[in-house]
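Next come the chains, spelled out residue by residue.
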Amino acid sequence: MAKRIQIKDILNTSEFNRQVTIMGWVKTFRNNQFIAINDGSCIHNIQAVVDFNNTDETLLKRITTGAAVAVTGNIVESLGKGQKVEIKVTDLEILGDSDPEKFPLQPKKHSLEFLREIAHLRFRTNTFNAVFKIRHSLSFAVHQFFNEKGFVYMHTPIITASDAEGAGEMFRVSTLDPDNMPRNVDGSINYKEDFFGKATNLTVSGQLEGELAAMAFGNVYTFGPTFRAENSNTTRHLAEFWMIEPEMAFYDLDDNMDLAEELLKYVIKYALENCADELEFLKERLLEEEKSKPAAERSELDLISKLKFCLDNEFERLTYTQAIQILKSSKPNQKKQFKYLINEWGADLQSEHERFLVEKHFKKPVILTNYPAEIKSFYMRQNDTDENGKNTVRAMDILFPGIGEIIGGSQREERLEKLEQRMHDMNIPTEEMSWYLDTRRFGSAFHSGFGLGFERLVLFVTGMTNIRDVIPFPRTPKHAEF
Ligand code: 4AD
Ligand code: MG
């Protein structure tokens, strides 16, 4: 068999009248003559034209949507609309049949909900082809960004014995037999008998180990899967998601925010430059989808303009306290339209509040800083108590339109006593975390870091609205198919 070439290379060619072999999957077959074939190398199909008078009838019948084919033929200029190049077929082989009665993907529009149920096949649709190409490109751009800046990529462990966020939302990892658990005298489970000799779980964040490495390499980052056993059934939460976590020695909160803003703009720009066809497709898809919505609910900007807008504008930076003032006197709060009304300082912000700030008030990405210590994690650097007696920490959350929180980070508490005190107050075991506290015992230095939720970034860039549609096989409460 001749060597196969990729469809994307043929579509861009200007060398006609040469023989090529392509392999791919049939999208449609019209008039017993025109096969649209896609091989995944780009979002576009190539048209292969069969001479049906000289082709065996039984073979023609096997050219069905979803079938895998190998086609050899001549590259010719296309007379049809919509493509410049097509292939005049001289030889066609069915590599794998696809029974049209049974194949669930037919050449018509399927709902995203339906496609989610057949996630093993949805890669073959244009929408998911575009989404996962963009996901790939964003991932590559993240590594390129950090590599250019000399950051060291650290692989932090997936199985840990600590709770990095102190929120207790962990999946247990154990080889103990649930029907025959070893017990201590008091009836509790004896984890000394377990595989690791202690209770272990899937990591919720690589941050703590990242901090250890930052205290030697200066600038490091992790990019790996993280797991949260929180029962959140929303369009923005997964039980298994990927997170990018840079950690930098000698960075204060301002440096941290600058880096985060630069990273987001860099990867969005990369996608605009490298995924133009995919973004164009998704932009049109979104415009089409929004036609059925009332005008007031449609986006002001199309997908590509939205991404460019994000590059061209500085993110708005303000404190939590300033945000609370804005929210308190906002219309939806006054008119009691928020589900959670903002009455006082200290309230945790819900996504309705975050989205009000970003989408209605500032109309651009927002960075909120200096949150109440009460609602944030133990490792964040404590500010001095302010004139009103309020305790805040040097946290920063980045809020994006349509998404809400996309990044959460902070300057870290580098003072041993302060950190120990806070861990104590929050019932976080200091003895088991002695290794973490060692960074504060030996050569402690001010440092900062943040976590970027990768799927939330992909959501933003693709304009998709459900996080389950930007990860190949989503894990959410009661769902772990495939
Ligand atoms: O705000 P989070 O919980 O912060 C941390 O885990 C820190 N240790 C990060 C750090 O400072 N190194 O999570 C960070 C980001 C969020 O802003 C959000 O984008 C994403 O991770 N995220 C989730 N994405 C999908 N599903 C979930 N259940 C998520 N939880 C957090
Ligand atoms: Mg957070």
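Residues numbered from 1 in each chain as written. Chains lettered and ligands numbered in written order. Predicted model: local features only at pLDDT ≥ 70, side-chain atom pairs only at ≥ 80, totals over all residues. Heavy atoms only, no water.

In this section: the packing of helix α12 (residues 416–425) against helix α13 (residues 434–441). At their nearest, the axes of α12 and α13 sit 9 Å apart, and the two run at 155 degrees to each other. Between α12 and α13, the angle is such that the two are roughly antiparallel. Taking contact as the criterion, the partners of L416, L419, E420 and M423 in α12 are, on α13, Y436, L437, R440 and R441. The residue makeup of the contact of α12 with α13, split by class, is five nonpolar, no polar and three charged. (Axes fitted to C-alpha atoms, helices over the stretch in contact; angles between N-to-C directions. Helix = DSSP H or I, 4+ residues; strand = E, 2+ residues; numbered from the N terminus. Parallel < 35°, antiparallel > 145°, perpendicular 65-115°, else oblique. Contact = heavy atoms within 4.5 Å. Nonpolar A, V, L, I, M, F, W, Y, C, P; charged D, E, K, R; others polar.)

Here we come to the domain arrangement of the protein. The domain architecture assigned to the protein consists of domain 1 (7–108) and domain 2 (124–169 + 204–469). Relative placement of domain 1 and domain 2: their C-alpha centres are 44 Å apart. In this assembly, eleven residues from domain 1 lie in contact with nine residues from domain 2. Approximately 770 Å² of surface area, both sides summed, lies buried where domain 1 meets domain 2, with 49% of it carried by carbon and sulfur atoms. Summed over the three residues of domain 1 that lose the most area to domain 2, namely K27, I43 and L105, the buried surface amounts to 60% of that side. (Domains from an automatic or database assignment. Buried area = accessible area lost by both parts, 1.4 Å probe.)

Attention shifts here to the site of ligand 1. With respect to spatial proximity, 24 residues lie near ligand 1, and among them E165, Q207, E245, E405 and I406 are the closest. Within the contact set of ligand 1, a nitrogen atom lies 3.0 Å away from a side-chain nitrogen or oxygen of S205. For ligand 1, an oxygen atom lies 2.8 Å from a polar atom in the side chain of R228. Contact with the protein chains removes 93% of the 630 Å² of surface that ligand 1 exposes when unbound. In terms of residues, the shell around ligand 1 owes the most to one element, strand β15 (residues 404–411), which gives five residues. (Near = heavy atom within 4 Å. Polar contact = N/O pair within 3.5 Å; in protein donor to acceptor, adjacent residues only side chain to side chain. Areas by Shrake-Rupley, 256 points an atom, 1.4 Å probe, with all protein chains shown as cover.)

Looking now at the environment of R317. Tracing the backbone through its elements, the reader meets R317 in strand β12 (residues 316–319). Remark: the alpha-carbon pair of R317 and D397, spanning 80 residues in sequence, is separated by 9.9 Å. Discounting residues that sit within four places of it in the chain, R317 has contacts with D254, M257, D258, E261 and I367. Reaching out from R317, the side chain makes a polar contact with the side chain of E261 at a distance of 3.1 Å.

What follows concerns the packing of aromatic side chains. Evaluation of the coordinates by the stated rule reveals 22 aromatic pairs. Seen in terms of ring centroids, F223 and F454 are 5.0 Å apart; in terms of plane orientation they differ by 65 degrees. Their pairing is edge-to-face. Pair noted here: F223 is in strand β10 (residues 219–227) and F454 is in helix α14 (residues 454–462), with a separation of 231 residues, a long-range link. When its relative accessible area of 7% is taken as the criterion, F223 is described as buried. Among the aromatic residues, ring-to-ring pairing joins F145, F146, F151, Y153, Y221 and Y266 into one connected group. Here K306 stacks its cationic end above the ring of F460, 4.1 Å away from the centre of that ring. The cationic tip of K376 hangs over the ring face of Y371; the distance from NZ or CZ to the ring centre is 4.2 Å. (Phe/Tyr/Trp six-rings, centres within 6.5 Å; stacked < 30°, edge-to-face > 60°. Buried < 20%, exposed > 50% of the residue type's maximum accessible area, 1.4 Å probe, protein only. Lys NZ or Arg CZ within 6 Å of the ring centre and 35° of its normal.)

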